[in-house]
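Observations on the three-dimensional arrangement
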Amino acid sequence: RRERDMVGAVARGAPLLPPLLLLLLLLLRSAAGGIADSVVWAVNAGGDAHVDVNGIHFRKDPLEGRVGRASDYGMKLPILRSNAEDQILYQTERYNEETFGYEVPIKEEGDYVLVLKFAEVYFAQSQQKVFDVRLNGHVVVKDLDIFDRVGHSTAHDEIIPMSIKKGKLSVQGEVSTFTGKLHIEFVKGYYDNPKICALYILQGTVEDVPKLQPHPGLEKKEEDDDEDEYDDGSSVKKQANKNRVQSGPRTPNPYASDNSSLMFPILVAFGVFIPTLFCLCRL
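Everything quoted here is computed from the prediction, not taken from an experiment. (Residues numbered from 1 in each chain as written. Predicted model: local features only at pLDDT ≥ 70, side-chain atom pairs only at ≥ 80, totals over all residues. Heavy atoms only, no water.)

With that settled, the discussion passes to the sheet that holds strand β10 (residues 156-165). Within the open sheet, the 8 strands sit side by side as β2-β3-β1-β15-β7-β10-β11-β12. Their pairing is mixed. The sheet is open, and its two edges are formed by β2 (50-51) and β12 (174-177), each paired on a single side. Where β2 and strand β3 (residues 57-60) come together, 2 bridges link them in antiparallel fashion. Looking at β3, one finds that His50 is bridged to Phe58. (Pairing = 2+ DSSP bridges. Helix = DSSP H or I, 4+ residues; strand = E, 2+ residues; numbered from the N terminus.)

The subject of this paragraph is unusual backbone geometry. Of note, the phi angle at Ser153 is positive, near 45 degrees, even though the residue is not glycine. Tracing the sequence through the fold places Ser153 in the loop between α5 (146-150) and β10. Judged by its relative accessible area of 12%, Ser153 is buried. Unlike most non-glycine residues, Asp192 shows phi in positive territory, near 60 degrees. On the accessibility criterion, Asp192 (28% relative accessible area) is partly exposed. (Buried < 20%, exposed > 50% of the residue type's maximum accessible area, 1.4 Å probe, protein only.)

With 5 of 6 residues buried, strand β8 (residues 130-135) lies mostly within the body of the structure. Looking at chain direction, β8 and strand β9 (residues 138-144) are connected through 4 bridges and run antiparallel. Note on β9: the bridge partner recorded for Arg134 is Val139. Here β8 folds back onto β9 in antiparallel fashion, the turn holding 2 residues, of which Asn136 has a positive phi close to 50 degrees.

Right, let's talk about the nonpolar core for a bit. Counting 32 residues, the largest nonpolar core has Tyr102, Leu116, Leu182, Ile184, Phe186, Ile196 and Leu199 as its most contacted members. No other element matches strand β7 (residues 110-118), which puts 4 residues into this core. Excluding residues that lie within four positions of it along the chain, Ile184 makes contacts with Phe100, Gly101, Tyr102, Val104, Leu114, Leu116, Val133, Arg134, Leu135, Leu199 and Ile201. Formed by 20 residues, the second largest nonpolar core is a distinct cluster that contains Ile35, Ala119, Ile159 and Leu202. (Core = buried A, V, L, I, M, F, W, Y, C linked by side-chain atoms within 4.5 Å. Contact = heavy atoms within 4.5 Å.)

Our next topic: the sheet that holds strand β6 (residues 100-105). The antiparallel open sheet is built from 4 strands, whose spatial order is β6-β13-β8-β9. Each edge of the sheet is formed by a strand with only one pairing partner; in this case those strands are β6 and β9. Geometrically, the sheet is characterised by an average inter-axis angle of 15 degrees between neighbouring strands, direction not taken into account. Both β8 and strand β13 (residues 181-191) contribute to a ladder of 5 bridges, which runs antiparallel. When the sheet's bridge partners are listed, Val133 is paired in β13 with Phe186. (Axes fitted to C-alpha atoms, helices over the stretch in contact; angles between N-to-C directions.)

Let us look at the packing of aromatic side chains. In this structure the tally under the stated criterion is 6 aromatic pairs. Considering the side-chain rings of Trp41 and Tyr102, the 5.8 Å spacing of their centres and the 65 degrees angle between planes classify their relative orientation as edge-to-face. Of the two residues, Trp41 sits in strand β1 (residues 39-44) while Tyr102 sits in strand β6, which places them 61 residues apart along the sequence. Accessibility classification places Trp41 together with Tyr102 in one group, the buried group. Taken together, Tyr73, Tyr122 and Phe123 form an aromatic cluster joined through their ring pairs. (Phe/Tyr/Trp six-rings, centres within 6.5 Å; stacked < 30°, edge-to-face > 60°.)

So this is what it looks like as C-alpha coordinates:
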(Lines give C-alpha, C1' and ligand atoms only; values in the text may rest on other atoms or scores of the structure.)
Protein backbone atom coordinates (compact mmCIF):
# COMPACT_ATOMS: atom_id res chain seq x y z
CA ARG A 1 0.00 0.00 0.00
CA ARG A 2 2.83 2.37 0.88
CA GLU A 3 4.32 1.80 -2.57
CA ARG A 4 0.96 2.54 -4.19
CA ASP A 5 0.65 5.76 -2.17
CA MET A 6 4.11 6.87 -3.26
CA VAL A 7 3.31 6.19 -6.90
CA GLY A 8 0.03 8.08 -6.56
CA ALA A 9 1.74 11.01 -4.90
CA VAL A 10 4.32 11.24 -7.64
CA ALA A 11 1.58 10.99 -10.25
CA ARG A 12 -0.40 13.76 -8.54
CA GLY A 13 2.75 15.89 -8.39
CA ALA A 14 3.71 15.22 -12.01
CA PRO A 15 2.30 18.53 -13.26
CA LEU A 16 4.78 20.30 -10.98
CA LEU A 17 7.81 18.69 -12.57
CA PRO A 18 7.74 20.34 -16.03
CA PRO A 19 7.74 23.91 -14.59
CA LEU A 20 10.71 23.02 -12.40
CA LEU A 21 12.59 21.55 -15.34
CA LEU A 22 11.72 24.59 -17.43
CA LEU A 23 13.09 26.84 -14.67
CA LEU A 24 16.30 24.82 -14.65
CA LEU A 25 16.69 25.11 -18.43
CA LEU A 26 16.05 28.85 -18.35
CA LEU A 27 18.65 29.34 -15.61
CA LEU A 28 21.19 27.26 -17.53
CA ARG A 29 20.55 29.26 -20.69
CA SER A 30 20.90 32.61 -18.93
CA ALA A 31 24.11 31.49 -17.24
CA ALA A 32 25.82 30.08 -20.33
CA GLY A 33 24.49 32.38 -23.03
CA GLY A 34 24.68 36.06 -23.75
CA ILE A 35 28.00 36.44 -25.59
CA ALA A 36 26.47 35.93 -29.03
CA ASP A 37 23.87 38.65 -28.39
CA SER A 38 26.67 41.09 -27.54
CA VAL A 39 28.50 40.59 -30.84
CA VAL A 40 27.65 43.38 -33.28
CA TRP A 41 29.79 42.21 -36.22
CA ALA A 42 31.81 39.07 -37.06
CA VAL A 43 33.57 37.79 -40.19
CA ASN A 44 35.33 34.55 -41.09
CA ALA A 45 38.05 36.07 -43.28
CA GLY A 46 38.72 34.09 -46.44
CA GLY A 47 36.08 31.53 -45.52
CA ASP A 48 32.38 30.72 -45.45
CA ALA A 49 29.87 31.59 -42.75
CA HIS A 50 30.32 29.76 -39.45
CA VAL A 51 28.64 29.62 -36.04
CA ASP A 52 31.14 28.94 -33.26
CA VAL A 53 30.65 27.06 -29.99
CA ASN A 54 29.65 30.31 -28.27
CA GLY A 55 26.87 30.96 -30.77
CA ILE A 56 28.71 33.79 -32.54
CA HIS A 57 27.62 34.02 -36.19
CA PHE A 58 30.64 34.74 -38.39
CA ARG A 59 29.48 35.91 -41.79
CA LYS A 60 31.17 35.01 -45.07
CA ASP A 61 34.03 37.37 -45.93
CA PRO A 62 32.55 40.52 -47.56
CA LEU A 63 35.93 41.23 -49.23
CA GLU A 64 35.69 38.06 -51.33
CA GLY A 65 36.39 38.93 -54.97
CA ARG A 66 37.12 42.57 -54.07
CA VAL A 67 40.30 42.88 -52.00
CA GLY A 68 43.25 40.56 -51.48
CA ARG A 69 43.25 36.80 -51.68
CA ALA A 70 41.55 34.06 -49.69
CA SER A 71 43.53 31.03 -48.60
CA ASP A 72 42.50 27.70 -47.10
CA TYR A 73 46.06 26.36 -46.89
CA GLY A 74 45.58 25.81 -43.17
CA MET A 75 42.76 23.31 -43.75
CA LYS A 76 45.34 20.52 -43.89
CA LEU A 77 46.59 21.34 -40.37
CA PRO A 78 45.11 20.87 -36.88
CA ILE A 79 45.11 24.15 -34.97
CA LEU A 80 46.30 24.05 -31.36
CA ARG A 81 44.44 25.98 -28.61
CA SER A 82 41.21 26.00 -30.64
CA ASN A 83 38.06 23.94 -30.20
CA ALA A 84 37.76 21.25 -32.85
CA GLU A 85 34.47 22.78 -34.04
CA ASP A 86 36.04 26.22 -34.53
CA GLN A 87 39.37 25.39 -36.15
CA ILE A 88 37.95 26.61 -39.44
CA LEU A 89 38.18 30.16 -38.05
CA TYR A 90 41.97 29.81 -37.93
CA GLN A 91 42.47 27.58 -41.00
CA THR A 92 41.19 30.08 -43.56
CA GLU A 93 42.53 33.60 -43.99
CA ARG A 94 42.62 36.69 -46.17
CA TYR A 95 45.88 38.37 -47.08
CA ASN A 96 46.92 41.16 -49.40
CA GLU A 97 50.14 42.49 -50.88
CA GLU A 98 49.19 45.96 -49.63
CA THR A 99 47.45 47.38 -46.60
CA PHE A 100 43.79 46.31 -46.48
CA GLY A 101 40.95 46.28 -44.00
CA TYR A 102 37.30 46.24 -43.01
CA GLU A 103 34.79 49.01 -42.30
CA VAL A 104 32.33 48.40 -39.49
CA PRO A 105 29.38 50.73 -38.70
CA ILE A 106 28.73 51.21 -34.97
CA LYS A 107 25.33 52.63 -34.02
CA GLU A 108 25.50 52.84 -30.23
CA GLU A 109 27.98 54.40 -27.86
CA GLY A 110 29.56 52.26 -25.16
CA ASP A 111 32.44 49.92 -24.41
CA TYR A 112 33.52 47.55 -27.16
CA VAL A 113 36.18 44.90 -27.75
CA LEU A 114 37.81 44.04 -31.06
CA VAL A 115 38.96 40.41 -31.25
CA LEU A 116 41.38 39.45 -34.04
CA LYS A 117 42.04 35.77 -34.72
CA PHE A 118 45.33 34.57 -36.23
CA ALA A 119 47.30 31.37 -36.86
CA GLU A 120 50.59 30.97 -38.73
CA VAL A 121 50.06 27.99 -41.02
CA TYR A 122 52.79 28.60 -43.60
CA PHE A 123 56.03 30.02 -42.18
CA ALA A 124 58.04 27.89 -39.74
CA GLN A 125 60.19 30.61 -38.18
CA SER A 126 59.92 34.16 -36.89
CA GLN A 127 60.64 37.35 -38.86
CA GLN A 128 58.93 35.93 -41.95
CA LYS A 129 55.57 37.72 -41.58
CA VAL A 130 55.44 40.88 -39.47
CA PHE A 131 52.79 43.61 -39.71
CA ASP A 132 50.80 46.19 -37.75
CA VAL A 133 47.08 46.59 -37.12
CA ARG A 134 45.44 50.03 -37.09
CA LEU A 135 42.06 51.02 -35.71
CA ASN A 136 40.84 54.37 -37.07
CA GLY A 137 44.45 55.41 -37.51
CA HIS A 138 45.63 54.21 -34.07
CA VAL A 139 48.27 51.48 -34.13
CA VAL A 140 46.73 48.94 -31.75
CA VAL A 141 49.01 46.00 -32.62
CA LYS A 142 52.65 46.75 -33.40
CA ASP A 143 55.05 44.39 -35.22
CA LEU A 144 52.84 41.32 -34.93
CA ASP A 145 54.89 38.18 -35.61
CA ILE A 146 52.42 35.34 -35.11
CA PHE A 147 55.02 32.58 -35.17
CA ASP A 148 57.14 34.41 -32.63
CA ARG A 149 54.15 34.82 -30.33
CA VAL A 150 52.73 31.27 -30.35
CA GLY A 151 54.51 29.10 -32.91
CA HIS A 152 53.21 27.21 -35.94
CA SER A 153 49.56 26.19 -36.50
CA THR A 154 48.52 27.62 -33.14
CA ALA A 155 45.54 29.88 -32.49
CA HIS A 156 46.32 33.40 -31.32
CA ASP A 157 43.80 36.12 -30.44
CA GLU A 158 44.59 39.82 -30.21
CA ILE A 159 42.11 41.47 -27.83
CA ILE A 160 41.69 45.25 -28.09
CA PRO A 161 39.25 47.07 -25.77
CA MET A 162 37.92 50.48 -26.76
CA SER A 163 35.33 53.04 -25.75
CA ILE A 164 33.02 55.14 -27.93
CA LYS A 165 31.42 58.02 -26.06
CA LYS A 166 30.31 61.55 -26.96
CA GLY A 167 31.63 61.27 -30.49
CA LYS A 168 35.09 60.17 -29.36
CA LEU A 169 36.95 56.89 -29.81
CA SER A 170 39.29 56.00 -26.95
CA VAL A 171 41.71 53.11 -27.44
CA GLN A 172 44.97 52.29 -25.65
CA GLY A 173 45.26 55.76 -24.17
CA GLU A 174 44.63 57.63 -27.43
CA VAL A 175 41.54 59.60 -28.41
CA SER A 176 40.16 60.58 -31.82
CA THR A 177 36.92 61.83 -33.35
CA PHE A 178 34.45 59.03 -34.13
CA THR A 179 32.17 59.44 -37.14
CA GLY A 180 30.13 56.25 -36.86
CA LYS A 181 32.47 53.67 -38.39
CA LEU A 182 35.43 51.61 -37.24
CA HIS A 183 38.19 51.16 -39.79
CA ILE A 184 40.27 48.04 -39.09
CA GLU A 185 43.44 47.96 -41.18
CA PHE A 186 46.13 45.31 -41.55
CA VAL A 187 49.22 47.26 -42.47
CA LYS A 188 51.84 46.07 -44.95
CA GLY A 189 55.29 45.80 -43.34
CA TYR A 190 58.80 44.78 -44.40
CA TYR A 191 58.19 41.04 -43.97
CA ASP A 192 55.64 39.43 -46.29
CA ASN A 193 51.95 40.35 -46.40
CA PRO A 194 49.45 41.26 -43.67
CA LYS A 195 46.61 38.84 -43.04
CA ILE A 196 43.64 38.02 -40.82
CA CYS A 197 41.86 34.72 -40.15
CA ALA A 198 38.68 35.93 -38.43
CA LEU A 199 37.54 38.90 -36.37
CA TYR A 200 34.58 40.18 -34.41
CA ILE A 201 33.43 43.14 -32.35
CA LEU A 202 31.38 42.76 -29.20
CA GLN A 203 29.78 45.35 -26.97
CA GLY A 204 31.23 44.72 -23.54
CA THR A 205 34.58 44.34 -21.84
CA VAL A 206 37.64 42.10 -22.09
CA GLU A 207 36.18 39.85 -19.38
CA ASP A 208 33.32 38.96 -21.77
CA VAL A 209 35.67 37.54 -24.43
CA PRO A 210 35.91 33.70 -24.52
CA LYS A 211 39.51 32.65 -23.91
CA LEU A 212 41.56 30.17 -25.91
CA GLN A 213 42.68 26.87 -24.45
CA PRO A 214 46.00 26.90 -22.54
CA HIS A 215 49.20 25.98 -24.34
CA PRO A 216 51.95 24.45 -22.11
CA GLY A 217 54.69 25.33 -24.58
CA LEU A 218 53.54 28.93 -24.74
CA GLU A 219 53.34 29.20 -20.95
CA LYS A 220 56.94 27.95 -20.67
CA LYS A 221 58.07 30.53 -23.25
CA GLU A 222 56.37 33.32 -21.30
CA GLU A 223 58.16 32.23 -18.11
CA ASP A 224 61.53 32.29 -19.93
CA ASP A 225 60.76 35.76 -21.32
CA ASP A 226 59.97 37.04 -17.82
CA GLU A 227 63.31 35.73 -16.54
CA ASP A 228 65.18 37.39 -19.43
CA GLU A 229 63.62 40.76 -18.63
CA TYR A 230 65.64 41.05 -15.41
CA ASP A 231 69.12 42.49 -15.82
CA ASP A 232 71.98 41.05 -13.66
CA GLY A 233 69.70 40.04 -10.83
CA SER A 234 68.27 43.52 -10.31
CA SER A 235 64.58 44.13 -9.81
CA VAL A 236 64.42 46.69 -12.63
CA LYS A 237 63.13 45.29 -15.91
CA LYS A 238 64.77 46.10 -19.21
CA GLN A 239 63.15 48.83 -21.25
CA ALA A 240 63.68 47.30 -24.70
CA ASN A 241 59.96 46.81 -25.25
CA LYS A 242 58.70 49.96 -23.51
CA ASN A 243 57.40 51.42 -26.78
CA ARG A 244 55.60 48.27 -27.90
CA VAL A 245 51.85 48.68 -28.12
CA GLN A 246 50.17 46.15 -25.87
CA SER A 247 47.91 43.87 -27.85
CA GLY A 248 45.58 42.57 -25.17
CA PRO A 249 46.15 40.31 -22.19
CA ARG A 250 47.90 36.98 -22.41
CA THR A 251 45.44 34.09 -22.54
CA PRO A 252 44.89 32.80 -19.00
CA ASN A 253 44.15 29.22 -18.00
CA PRO A 254 40.32 28.96 -18.16
CA TYR A 255 40.34 26.20 -15.54
CA ALA A 256 41.84 28.61 -13.01
CA SER A 257 38.94 31.06 -13.32
CA ASP A 258 36.13 31.40 -10.82
CA ASN A 259 33.00 29.61 -12.06
CA SER A 260 30.85 30.43 -9.03
CA SER A 261 28.67 32.83 -11.03
CA LEU A 262 27.88 30.02 -13.49
CA MET A 263 27.17 27.34 -10.88
CA PHE A 264 24.98 29.42 -8.56
CA PRO A 265 21.77 29.40 -10.69
CA ILE A 266 22.22 25.67 -11.33
CA LEU A 267 22.50 24.94 -7.59
CA VAL A 268 19.43 27.10 -6.90
CA ALA A 269 17.38 25.16 -9.45
CA PHE A 270 18.41 21.80 -8.03
CA GLY A 271 17.80 23.14 -4.51
CA VAL A 272 14.18 23.78 -5.47
CA PHE A 273 13.66 20.63 -7.51
CA ILE A 274 15.08 17.92 -5.20
CA PRO A 275 13.28 18.92 -1.92
CA THR A 276 9.99 19.24 -3.81
CA LEU A 277 10.33 15.74 -5.26
CA PHE A 278 11.34 14.36 -1.84
CA CYS A 279 8.23 15.85 -0.19
CA LEU A 280 5.99 14.42 -2.89
CA CYS A 281 7.46 10.97 -2.34
CA ARG A 282 6.81 11.19 1.43
CA LEU A 283 3.11 11.82 0.89
